[in-house]
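# Examination of the molecular architecture
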Amino acid sequence: MLAERFRRIRGLAWRVMDGIFENMWDYKFVPVEIISRDSNVEEHKVEKVLKSLSDEKLIELKQTEYLGGAFTFLGLSLYSLNRFVRKNIVTMLGKKMGEGKESMIYNCISKWGEAVIKFHKVGYPSFKKVREKRDYGDLHYTVLMVRSAKNEFNALKKLYGKVSVPKPYGWEGNAVLMELIDAKELYKVRLENPKDVFDYIIEEVREMWKLGIVHGDLSQFNILVNPEGIWFIDFPQAIDLNEVETDEELRMAEDILKRDVTNLVNYFNKTYRLNVDADRVIEEILH
Ligand code: ATP
Ligand code: MN
C-alpha cells in the first residue's frame, strides 16, 4: 500500500514537499510563498499541488492570512522514503513488519542488502525538549517525529560496534534505516539460561552508560534474542549524557536508567524466578 502510494506521487509534488521539509523547523505551516521560493515552482502550481496532496491526506493545509502546508505522518514517511530512494540507498520497499502507536516498520532492500526502515510517529518529552521549545517556539508535530528519528539514529551510531544494536545505515526525515535482525522479542522466548542472559544484558547496559547513552524504554519488548545473541532496539527516547547540562538533568538521566534496570529485573525475577536485587544492579552500573 505504501509502495503503491509512493509510485503515484509526481516530480512536482516531491519538489513541493522539499519546500515544506526545508522550512518545517521555521513555520508550523509553511506558506505557499516560501515553498514556491525554495522549490522554484510557481505559487499557483504550488497551491494546486498542495490541494491535491491534501486530498490524498499527505499534507495538512491551513488557511490564515496565507495558505500554508505541513506534512501528515503518511506524507512525511513517503517523503522520507523518497529521500532514501533518490540517493539510491533504498531500492525496494518490502512488507510491513509492524505498525503500532509509535512507529511503522517496513522490510526493504537497501544498498547493503535486506534492511529495516522505521518510520517514527511520535516525539518524546524530555528535558531537551523543554530547552528546544524555548528556542524554536511552536512546532508542528511532524517535526517531533523527525527529531525522534534523528535521536534514534544518533544513539545507534554511538553504540554500534561497542554494544549489540542493529547497524544504523541512514537517517532521512522521520525514517531510520538499519540492519535487519532475525530474532524474536525477549518476551516471546523461553530462555534456557536466563541468569546468563540477564547478566549479559546488564553488562551491555553498563557499557551504554559508560558510552553516555541511557536507553530510556528498556524492556522485554525492546530486546531481540536468537541463539546467537541479543540486540537492543528502539532508541528514539535515548538520552545522550554529553548533552546533559545541569545536575538536575543528570539526576533525571540516572532516574531513567534506574527505571530501565528495574523493568528488566522485574521481568526476569517474575518470568524466571530469579532473585535479583535491582538496587544492587544499579549500583554496579553506576560505579
Ligand atoms: P511500536 O509502537 O510499533 O511498538 P516501537 O516504537 O516500539 O513501535 P521498535 O520497538 O523499534 O518500535 O520496533 C517495533 C518492532 O519491529 C520490534 O518489536 C521488532 O519486532 C521489529 N523491529 C524493529 N527493528 C528491527 C530490526 N532492526 N530488525 C528486526 N526487527 C525489528
Ligand atoms: Mn518497541
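All of these numbers come straight from a predicted model, not from anything done at the bench.

Quick look at the overall build of the protein chain now. Scanning the protein chain from terminus to terminus reveals 10 helices and 13 strands. Over its C-alpha atoms the protein chain spans a radius of gyration of 21 Å, differing by no more than 12% from the 19 Å that the globule rule assigns to 287 residues. Counting the 287 residues in the protein chain, one finds 52% classified as buried. Contacts in the protein chain between residues at least 24 apart in sequence constitute 61% of all its contacts with a sequence separation of at least 6.

A few words now on the site of ligand 1. As a structural note, the neighbourhood of ligand 1 is formed by 19 residues, with Ser103, Lys118, Glu179, Glu185 and Asp234 the closest of them. Taking Glu185, its side chain carries an N or O atom lying 2.5 Å from an oxygen atom of ligand 1. When the free accessible area of ligand 1 is taken as 600 Å², the share hidden by the protein chains comes to 82%. Partitioning the shell around ligand 1 into residue classes produces nine nonpolar, three polar and seven charged. Three or more residues apiece are contributed to the shell around ligand 1 by two domains, here domain 2 (89-179) and domain 3 (184-286).

A separate point is the coordination of the manganese ion (ligand 2). Binding of the manganese ion (ligand 2) to the protein goes through Asn222 (OD1) and Asp234 (OD), at separations of 2.1 to 2.2 Å. Note that Asn222 is positioned in the loop between strand E10 (213-214) and strand E11 (223-226) and Asp234 in the loop between strand E12 (229-232) and strand E13 (239-240), a separation of 12 residues in sequence. Accessibility classification places Asn222 together with Asp234 in one group, the buried group.

Here the domain parsing of the protein chain yields domain 1 (2-74), domain 2 (89-179) and domain 3 (184-286). Taking only C-alpha atoms into account, the centre of domain 1 sits 22 Å from that of domain 2. Facing 12 residues of domain 1, the contacting portion of domain 2 comprises 19 residues. Roughly 1400 Å² of surface becomes buried between domain 1 and domain 2 when both sides are summed, with 75% attributable to carbon and sulfur atoms. It is Trp25, Lys28 and Phe73 in domain 1 that bury the most area against domain 2; as a group they hold 55% of the surface buried on that side. In this structure, the connection of domain 1 to domain 2 is made through one salt bridge. One salt bridge connects Asp138 with Lys28, and the closest N-O pair in it is separated by 3.3 Å.

Taken N-terminus to C-terminus, the directions of helix H3 (residues 32-39) and helix H4 (residues 43-55) make an angle of 110 degrees; their axes are 9 Å apart at the nearest point. What the angle tells us is that H3 and H4 run roughly perpendicular. Contacts from Val32, Glu33, Ile35, Ser36 and Ser39 of H3 reach H4 at Glu43, Val46, Glu47 and Leu50. Taken together, the residues that form the contact of H3 with H4 break down as four nonpolar, two polar and three charged.

Before going further, it helps to spend a moment on H3. What H3 keeps buried is the set Val32, Ile34, Ile35, Ser36 and Ser39. The elements touched by buried residues of H3 are helix H2 (11-23), strand E1 (30-31), H4 and strand E3 (67-71). After H3 finishes, the residue Asn40 shows a positive phi value of roughly 60 degrees.

Pairing within the open sheet is antiparallel, and its three strands lie in the order E1-E3-E2. This sheet does not close on itself; its edge strands, each paired only once, are E1 and strand E2 (59-63). As paired elements, E1 and E3 share two bridges and run antiparallel to each other. In the strand pairing of E3, Pro31 is matched with Gly68.

How each quantity is defined
- Residues numbered from 1 in each chain as written.
- Chains lettered and ligands numbered in written order.
- Predicted model: local features only at pLDDT ≥ 70, side-chain atom pairs only at ≥ 80, totals over all residues.
- Heavy atoms only, no water.
- Helix = DSSP H or I, 4+ residues; strand = E, 2+ residues; numbered from the N terminus.
- Rg over C-alpha atoms; globule rule 2.2 N^0.38 Å.
- Buried < 20%, exposed > 50% of the residue type's maximum accessible area, 1.4 Å probe, protein only.
- Contact = heavy atoms within 4.5 Å.
- Near = heavy atom within 4 Å.
- Polar contact = N/O pair within 3.5 Å; in protein donor to acceptor, adjacent residues only side chain to side chain.
- Areas by Shrake-Rupley, 256 points an atom, 1.4 Å probe, with all protein chains shown as cover.
- Nonpolar A, V, L, I, M, F, W, Y, C, P; charged D, E, K, R; others polar.
- Domains from an automatic or database assignment.
- Donors = N, O, S within 2.8 Å, 3.2 Å for Na, K, Ca; no water.
- Buried area = accessible area lost by both parts, 1.4 Å probe.
- Salt bridge = Lys/Arg side-chain N within 4 Å of Asp/Glu carboxyl O.
- Axes fitted to C-alpha atoms, helices over the stretch in contact; angles between N-to-C directions.
- Parallel < 35°, antiparallel > 145°, perpendicular 65-115°, else oblique.
- Pairing = 2+ DSSP bridges.

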